[in-house]
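Summary of structural features
The primary structure of each chain is shown beneath.
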Amino acid sequence: MAKNLKPAVGELRRAAPGPMQAFADMGKAALQPGALDTKTKELIALAISVAVRCDPCVTYHASAAQRAGAGRDEVAEAMGLAVYMGAGPSAMYAAQALEAFDQWQEKAEG
């Protein structure tokens, strides 16, 4: 999914450079370590992605959580919170998020 989305996002960046740059800048600012580290913030973003049912967000934040050093147990715990906040439909997305994390982890391990 991530690979297929890149061309479309690139086209959107070319078509609407100002808003897309502002969105990218906001993301960078939001993910900067502060009271919460980046890994924790990515776990929160992944849980929100599940709760709002955003497929592309799930794959993006599953990858980012893996790169930030999140473990599978941390992702699973965050998915428990996402299910709690989003009820039944979030349970289905949580299963997909955990699967996406596993795929990114396998890719990172070679």
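Here's what I pulled together on the structure shown here.

Here helix α3 (residues 38-51) is 14 residues long and its end C-alpha atoms lie 20 Å apart, about the 20 Å a rise of 1.5 Å per residue gives. Immediately downstream of α3, the backbone of R53 shows phi near 60°, a positive value.

So, on to the environment of K39. On the secondary structure map, K39 appears in helix α3. Considered as a pair, K39 and A29 are 10 residues apart in the sequence and their alpha carbons are 14 Å apart.

Once that is clear, we can look at the side chain of H61. Note that H61 resides in helix α4 (residues 55-67). Given the relative accessible area of 15%, H61 is considered buried.

To continue, consider the pattern of salt bridges. What the rule picks out here adds up to three salt bridges. For the salt bridge of R14 with E11, the shortest nitrogen-to-oxygen distance reads 3.3 Å. Note that R14 and E11 are positioned in helix α1 (residues 2-15) at a spacing of three residues, about one turn of the helix. In this structure R14 comes out as exposed when scored by relative accessible area, which is 60%. The partner of R72 in a salt bridge is D102, with the nearest N and O atoms 2.8 Å apart. With relative accessibility at 21%, the residue D102 sits in the partly exposed group.

Let us now look at unusual backbone geometry. Across the chain, the bulk of peptide bonds are trans and the bulk of non-glycine residues have phi less than zero. A positive phi angle, near 60°, is found at R53, a position not held by glycine. Within the secondary structure, R53 sits in the loop between α3 and α4. Its relative accessible area of 33% is what places R53 among the partly exposed residues.

Glancing now at a nonpolar patch on the surface. Taken together, L36, I44, I48 and V52 make up a surface patch of nonpolar side chains, about 340 Å² in accessible area. Structurally, V52 is set in the loop between α3 and α4.

Right, let's get into the packing of α3 against helix α5 (residues 72-109). It is the contact of α3 with α5, at a shortest axis distance of 8 Å, that shows an interaxial angle of 15°. Judged on the interaxial angle alone, α5 and α3 are roughly parallel. In the packing of α3 onto α5, the handedness of the crossing is right-handed. Contacts from K39, L43, L46, A47, V50 and A51 of α3 reach α5 at E74, V75, A78, M79, A82, S90, Y93, A94 and A97. Across the contact of α3 with α5, the residue classes break down as 12 nonpolar, one polar and two charged.

Cut-offs used in this document
Residues numbered from 1 in each chain as written. Predicted model: local features only at pLDDT ≥ 70, side-chain atom pairs only at ≥ 80, totals over all residues. Heavy atoms only, no water. Helix = DSSP H or I, 4+ residues; strand = E, 2+ residues; numbered from the N terminus. Expected span 1.5 Å × (residues − 1). Buried < 20%, exposed > 50% of the residue type's maximum accessible area, 1.4 Å probe, protein only. Salt bridge = Lys/Arg side-chain N within 4 Å of Asp/Glu carboxyl O. Patch = residues over 30% accessible without salt bridge, like charges linked within 9 Å, V, L, I, M, F, W, Y side chains within 5 Å. Areas by Shrake-Rupley, 256 points an atom, 1.4 Å probe, with all protein chains shown as cover. Axes fitted to C-alpha atoms, helices over the stretch in contact; angles between N-to-C directions. Parallel < 35°, antiparallel > 145°, perpendicular 65-115°, else oblique. Left-handed = near helix turned anticlockwise from the far one by under 90°. Contact = heavy atoms within 4.5 Å. Nonpolar A, V, L, I, M, F, W, Y, C, P; charged D, E, K, R; others polar.

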